There are 2 protein chains.
Amino acid sequence: MAQTSVSFRKATEVDLLGIIHMLADDKLGQTREILSDPVDARYTAAFAAIDADPNQLMAVAVSPDGGLAGCLQLSFIPGLSRTGMWRAQIEGVRISADHRGSGLGSRFIEWAMEQAKERGCGLVQLTSDKTRPDAIRFYEKLGFVAGHEGLKLSLS
Amino acid sequence: MAQTSVSFRKATEVDLLGIIHMLADDKLGQTREILSDPVDARYTAAFAAIDADPNQLMAVAVSPDGGLAGCLQLSFIPGLSRTGMWRAQIEGVRISADHRGSGLGSRFIEWAMEQAKERGCGLVQLTSDKTRPDAIRFYEKLGFVAGHEGLKLSLS
């Protein structure tokens, strides 16, 4: 499958099941996600919240046959620091197993950077689990700088 | 000044000048912010965007005399991963020079964690510049785990 034939667009609810399967098809995701029919109601509620928020963009990479090749979420965040700079944040990046290693991931992140520029963001940021050294190298090759510690605290 | 007398609340536009001064009174912030009278229009525009967005909370710590003792921004972010979990993100934390070392920072972050719980978030996250080892230790003492790399890419 030629990577150039894959296109990127905003996700619709029709894509939700495919997105959840991609989130689950992952070393860390497989322990965190729930695959069921019908889809767990927390996913549909979360998708509705993302879809209703103009500062959230759930995006998918789609093959010409309509199959999902990847997903990511962009958040556009207004802020006061750096002279009132908006920033874009990327979360939940997945490339489907049959598209990995095709260069699609780079094109998808570059597409996300374009979305961020169009929204007037001065910065794109993301965090990557330290147990994913390949992912960290991938982002560094795209120009990201790992100058920050990413700290998380579970509330549950 | 007793730290227990400081209270926390949502910021209003009246607080904006004081917040910008706190953002600028910082090793990294002093090179990034612009102090002027009137306030640079990009700050007022950014404040308006934050204030209009129900998923953003610009918060201040205030002394009984109305003086600003600290600021931080909370972003409540819906997401599909981890079974549709919302997360809260903290940015732009500052404690004014005369309140540093008083324990106010810990109380302010714990207050932010309470706001995140009230909004149904399962996780609080932030990134801290690796050139701020004291800040990283501060967050680790509060229970944050530095398990991620924080990667950023400038678009300007």
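Residues numbered from 1 in each chain as written. Chains lettered and ligands numbered in written order. Predicted model: local features only at pLDDT ≥ 70, side-chain atom pairs only at ≥ 80, totals over all residues. Heavy atoms only, no water.

J.: Sorry, what's going on with the interface of chain A and chain B here?
T.: Reports often express the size of an interface as the amount of accessible area lost when the parts come together. Taken together, the contacts link 62 residues of chain A with 62 residues of chain B. Counting the surface lost from both chain A and chain B, the interface buries some 5,500 Å², and carbon and sulfur atoms represent 61% of this. The tally of links from chain A across to chain B stands at two salt bridges. At the junction of chain A and chain B, the tally comes to 35 residue pairs in polar contact (both at pLDDT 80 or more). Sort the elements by how many residues they give to the side of chain A that touches chain B and strand β6 (residues 145-154) of chain A lands first, with 10 residues. Residue classes in the side of chain A that touches chain B are distributed as 29 nonpolar, 19 polar and 14 charged. (Contact = heavy atoms within 4.5 Å. Buried area = accessible area lost by both parts, 1.4 Å probe. Salt bridge = Lys/Arg side-chain N within 4 Å of Asp/Glu carboxyl O. Polar contact = N/O pair within 3.5 Å; in protein donor to acceptor, adjacent residues only side chain to side chain. Helix = DSSP H or I, 4+ residues; strand = E, 2+ residues; numbered from the N terminus. Nonpolar A, V, L, I, M, F, W, Y, C, P; charged D, E, K, R; others polar.)

J.: Any chance you could explain the environment of Arg-87 of chain B here in plain terms?
T.: Its location among the elements puts Arg-87 of chain B in strand β4 (residues 86-95). For Arg-87 of chain B and Ser-106 of chain B, which are 19 residues apart along the polypeptide, the C-alpha to C-alpha distance reads 20 Å. Not counting the four nearest positions on each side in its chain, Arg-87 of chain B is found in contact with Glu-91 and Lys-152 of chain A together with Ser-75, Phe-76, Ile-77, Ser-81, Arg-82, Cys-121, Leu-123 and Gln-125 of chain B. Separated by 3.4 Å, the side chains of Arg-87 of chain B and Glu-91 of chain A make a polar contact.

J.: Sorry, what's going on with the pattern of salt bridges here?
T.: Two side chains of opposite charge can pair, provided their charged atoms sit close to one another. Per the counting criterion, the structure on display carries 20 salt bridges over all chains. Its salt-bridge partner being Asp-26 of chain A, residue Arg-94 of chain A comes within 3.5 Å of it at the nearest N-O pair. With Arg-94 of chain A in strand β4 (residues 86-95) and Asp-26 of chain A in the loop between α1 (16-24) and α2 (41-52), the pair connects residues that are 68 residues apart, well separated along the chain. The pair Arg-94 of chain A / Asp-26 of chain A is uniform in exposure class, with both members buried. Between Arg-132 of chain B and Asp-26 of chain B there is a salt bridge, with its nearest N and O atoms 2.8 Å apart. Separated by 106 residues along the polypeptide, Arg-132 of chain B in the loop between β5 (121-129) and α5 (133-141) and Asp-26 of chain B in the loop between α1 (16-24) and α2 (41-52) bring together distant segments of the chain. Owing to a relative accessible area of 15%, Asp-26 of chain B belongs among the buried residues under this scheme. (Buried < 20%, exposed > 50% of the residue type's maximum accessible area, 1.4 Å probe, protein only.)

J.: Just to check I follow, could you spell out the sheet that holds strand β3 (residues 68-77) of chain B for this structure?
T.: Strand pairing within a sheet occurs via backbone hydrogen bonds; the two strands may be parallel or antiparallel. Pairing in this open sheet of 12 strands is mixed, and the strands run β1(A)-β2(A)-β3(A)-β4(A)-β5(A)-β6(B)-β6(A)-β5(B)-β4(B)-β3(B)-β2(B)-β1(B) from one edge to the other. The sheet is open, and its two edges are formed by β1 (7-10) of chain A together with β1 (7-10) of chain B, each paired on a single side. The average angle at which neighbouring strand axes cross in this sheet is 30 degrees, direction not considered. Here four bridges tie β4 of chain A to strand β5 (residues 121-129) of chain A, and the two strands are oriented parallel to one another. What sits directly across from Ala-88 of chain A, in β5 of chain A, is Val-124 of chain A. Here helix α4 (residues 104-118) of chain A sits on the sheet in contact with β1, β2 (56-62), β3 (68-77), β4 and β5 of chain A together with β6 (145-154) of chain B, set at roughly 30 degrees to β3 of chain A. Relative to β5 of chain A, helix α5 (residues 133-141) of chain A is tilted by about 160 degrees, and along the sheet it contacts β4, β5 and β6 of chain A together with β6 of chain B. (Pairing = 2+ DSSP bridges. Axes fitted to C-alpha atoms, helices over the stretch in contact; angles between N-to-C directions.)

J.: Honestly, the relation of the copies chain A and chain B in this entry has me stumped. Any pointers?
T.: Relating the two copies of this chain is a rotation about some axis coupled with a shift parallel to it. Of the transformation superimposing chain A on chain B, the axial component is 0.0 Å and the angular component is 180 degrees, with the fit at an RMSD of 0.0 Å. Both copies of the chain, as the preceding transformation shows, are related through a two-fold rotation axis. A share of 100% of the interface residues of chain A reappears at the interface of chain B, consistent with the copies meeting face to face through the same patch. (Least-squares fit on C-alpha atoms with pLDDT ≥ 70 in both.)

J.: Honestly, the packing of aromatic side chains in this entry has me stumped. Any pointers?
T.: Both the distance between ring centres and the angle between the ring planes are used here to describe each pair of aromatic rings. Residues and elements named next belong to chain B. In this structure the tally under the stated criterion is 10 aromatic pairs over all chains. Here the aromatic rings of Phe-8 and Phe-108 are separated by 4.8 Å at their centres, their planes lie at 10 degrees, and the arrangement is stacked. Remark: Phe-108 occurs in helix α4 (residues 104-118) and Phe-8 occurs in strand β1; sequence separation between them is 100 residues. The class of Phe-108 is buried, set by a relative accessible area of 0%. A centroid spacing of 5.6 Å and a plane angle of 75 degrees characterise the contact between Tyr-139 and Phe-144, whose relative ring orientation is edge-to-face. (Phe/Tyr/Trp six-rings, centres within 6.5 Å; stacked < 30°, edge-to-face > 60°.)

J.: In this structure, what is going on with the nonpolar core? I would like to understand it.
T.: Side chains of nonpolar character tend, in soluble globular proteins, to be buried together. Core analysis: the largest hydrophobic core is formed by 31 residues, its most contacted members being Leu-72, Leu-74, Ile-90, Phe-108, Ile-109, Val-124 and Phe-144 of chain A. Only β2, β3, β4, α4, β5 and α5 of chain A together with β6 of chain B provide two or more residues apiece to this core. The element contributing the most residues to this core is α4 of chain A, with seven residues. Leu-151 of chain A together with Leu-74, Phe-108 and Phe-144 of chain B belong to the second-largest nonpolar core, a separate cluster that totals 30 residues. (Core = buried A, V, L, I, M, F, W, Y, C linked by side-chain atoms within 4.5 Å.)

Read these as spatial facts, not as claims about activity.
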